[in-house]
Amino acid sequence: MGFLKNKFRNVKKLPLWFYWFPAVLIKLSFKLLYRYELRDPNHLSDDPHKIVGITWHNRLLFICMAFSPEAMKRTSAVISASRDGQYLSDFMKFFNVEALRGSSSRKGANAMLGAIREIEKGRNVVFTPDGPRGPKYVIKNGPVVVASKTGAALVPIVLNSSRCWSLKSWDNFQIPKPFSKLTMIVGDPIYVPADADENTIEEYRKKAENALLKITVDPV
């Protein structure tokens with residue numbers, strides 16, 4: 001077993017068909033096993049346009065299912081340049097989400113430039129700004145910089161579950177329990193001043209972090 005485990009770790013890319021069944025399983029379970037509510041007072045999810053979305057790393061499991069397929073087609077996600085990020089980016093193709101490879105720790109500049117280009121084309125970009133290594137629930141400044149340079153709205157997005165299992169990972173990754181309630185909350189847009197300096201970026205980083213924490217509910 002140890003040999004097979006080490007062999008799998010050396011595989012950098014799996015065939016796309018490998019992700020078909022997990023993707024179908026997630027789509028079916030979302031529809032059949034969960035109650036879902038969307039709270040979007042500003043109607044940003046109806047027709048998203050030039051949005052920099054931020055959401056926590058530990059709530060990614062059903063995040064694609066919470067938005068319409070049309071919205072997903074106009075969205076790119078910043079995903080780590082690591083091997084695990086390759087798996088995730090291939091998996092996201094089954095939800096019509098394009099991947100921008102890079103993070104704060106690897107190829108960050110490439111991801112930032114890619115995000116700016118996507119926004120300039122009228123698309124949306126989503127970051128998990130506490131990933132890929134944490135600390136949990138602490139935002140890095142990447143999405144704030146992108147919002148400043150493009151004029152796009154910085155939008156906090158959280159998918160809360162009423163009951164879940166939490167893994168023993170750095171982010172306590174959440175797996176909602178069957179028949180629990182999933183609530184997607186889309187927060188108020190935050191507009192970062194154009195060409196913000198370092199102090200202003202930090203000010204809005206804290207503002208975005210607090211806004212995301214305000215709508216975050218962890219099951220007891």
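Above this text sits the structure in question.
As the structure is a prediction and not an experimental result, all values here were calculated from the model. (Residues numbered from 1 in each chain as written. Predicted model: local features only at pLDDT ≥ 70, side-chain atom pairs only at ≥ 80, totals over all residues. Heavy atoms only, no water.)

S.K.: What am I meant to see in helix α6 (residues 142–150) here?
M.R.: The periodicity of an α-helix, 3.6 residues per turn, causes residues three or four places apart in sequence to face the same way. Where burial is concerned, most of α6 is hidden: eight out of the nine residues are buried. Residue Gly 151 follows α6 closely and has a positive phi angle near 80°. (Buried < 20%, exposed > 50% of the residue type's maximum accessible area, 1.4 Å probe, protein only. Helix = DSSP H or I, 4+ residues; strand = E, 2+ residues; numbered from the N terminus.)

S.K.: Please explain a nonpolar patch on the surface as it appears in this structure.
M.R.: A cluster of nonpolar side chains, namely Trp 20, Phe 21 and Leu 25, defines an oily patch on the protein surface of about 370 Å² accessible area. In this fold, Trp 20 is placed in helix α2 (residues 20–33). (Patch = residues over 30% accessible without salt bridge, like charges linked within 9 Å, V, L, I, M, F, W, Y side chains within 5 Å. Areas by Shrake-Rupley, 256 points an atom, 1.4 Å probe, with all protein chains shown as cover. Salt bridge = Lys/Arg side-chain N within 4 Å of Asp/Glu carboxyl O.)

S.K.: Would you mind showing me how to read the sheet that holds strand β9 (residues 181–186) here?
M.R.: In sheet architecture, strand pairing relies on hydrogen bonds along the backbone and comes in two forms, parallel and antiparallel. One open sheet accounts for seven strands, arranged β1-β9-β6-β2-β5-β3-β4; its pairing is mixed. At either end of the open sheet lies a strand with only one pairing partner, and these are β1 (35–39) and β4 (98–101). Neighbour to neighbour, the strand axes of the sheet diverge by 25° on average, direction disregarded. Here strand β2 (residues 51–54) runs beside strand β6 (residues 153–161); their pairing, made up of four bridges, is parallel. Each bridged residue has a counterpart across the sheet, and for Ile 54 the counterpart in β6 is Pro 156. Docked against the sheet, helix α7 (residues 198–214) engages β2 and β6, running at close to 25° with respect to β6. (Pairing = 2+ DSSP bridges. Axes fitted to C-alpha atoms, helices over the stretch in contact; angles between N-to-C directions. Contact = heavy atoms within 4.5 Å.)

S.K.: Is there a simple way to explain empty space enclosed by the protein in this structure?
M.R.: Leftover empty space is mapped by rolling, across the atoms, a probe with the size of a water molecule. One pass over the structure, following the stated rule, counts one cavity of 30 Å³ or more. The volume enclosed by the largest cavity comes to roughly 70 Å³. If you trace the largest cavity, you find it lined by Asn 58, Arg 59, Leu 60, Leu 61, Phe 62, Leu 159, Ser 161, Gln 174, Pro 176 and Leu 182. Where the lining of the largest cavity is concerned, the elements lending two or more residues are β6 and β8 (174–176). In terms of residue class, the lining of the largest cavity is made up of six nonpolar, three polar and one charged. (1 Å grid on protein atoms, 1.4 Å probe; cavity = no way out; pocket = protein on both sides within 12 Å on 5 of 7 lines; lining within 4 Å. Points joined across faces, edges and corners; volume = space filled by probe spheres on them. Nonpolar A, V, L, I, M, F, W, Y, C, P; charged D, E, K, R; others polar.)

S.K.: So what exactly am I meant to see when it comes to the layout of surface pockets here?
M.R.: As a volume, the second largest pocket reaches approximately 170 Å³. In terms of lining residues, the second largest pocket is bounded by Lys 27, Lys 31, Cys 64, Met 65, Phe 67, Pro 69, Met 72, Phe 94, Phe 95 and Asn 96. Elements supplying a minimum of two residues to the lining of the second largest pocket: α2 and α3 (69–73).

S.K.: Teacher, can you tell me more about the pattern of salt bridges here?
M.R.: A side chain of one charge can pair with a side chain of the opposite charge if their charged atoms are brought near each other. All told, the structure shown has nine salt bridges when counted by the stated rule. Here the residues in one salt-bridge network are Glu 202, Arg 205, Lys 206 and Glu 209, joined through shared partners.

S.K.: I keep staring at the packing of aromatic side chains and nothing clicks. Help me out?
M.R.: Within a pair of aromatic rings, the relevant descriptors are the distance that separates the centres and the angle that separates the planes. Summed over all chains, the structure comprises eight aromatic pairs. Between Phe 30 and Tyr 36, the aromatic rings sit 5.4 Å apart at their centres with planes inclined by 55°, giving tilted as the arrangement. Judged by its relative accessible area of 9%, Phe 30 is buried. Among the aromatic residues, ring-to-ring pairing joins Trp 17, Phe 18, Tyr 19, Phe 91 and Phe 95 into one connected group. Residue placement shows Lys 27 over the ring face of Phe 95; its charged tip is 5.2 Å from the ring centre. (Phe/Tyr/Trp six-rings, centres within 6.5 Å; stacked < 30°, edge-to-face > 60°. Lys NZ or Arg CZ within 6 Å of the ring centre and 35° of its normal.)

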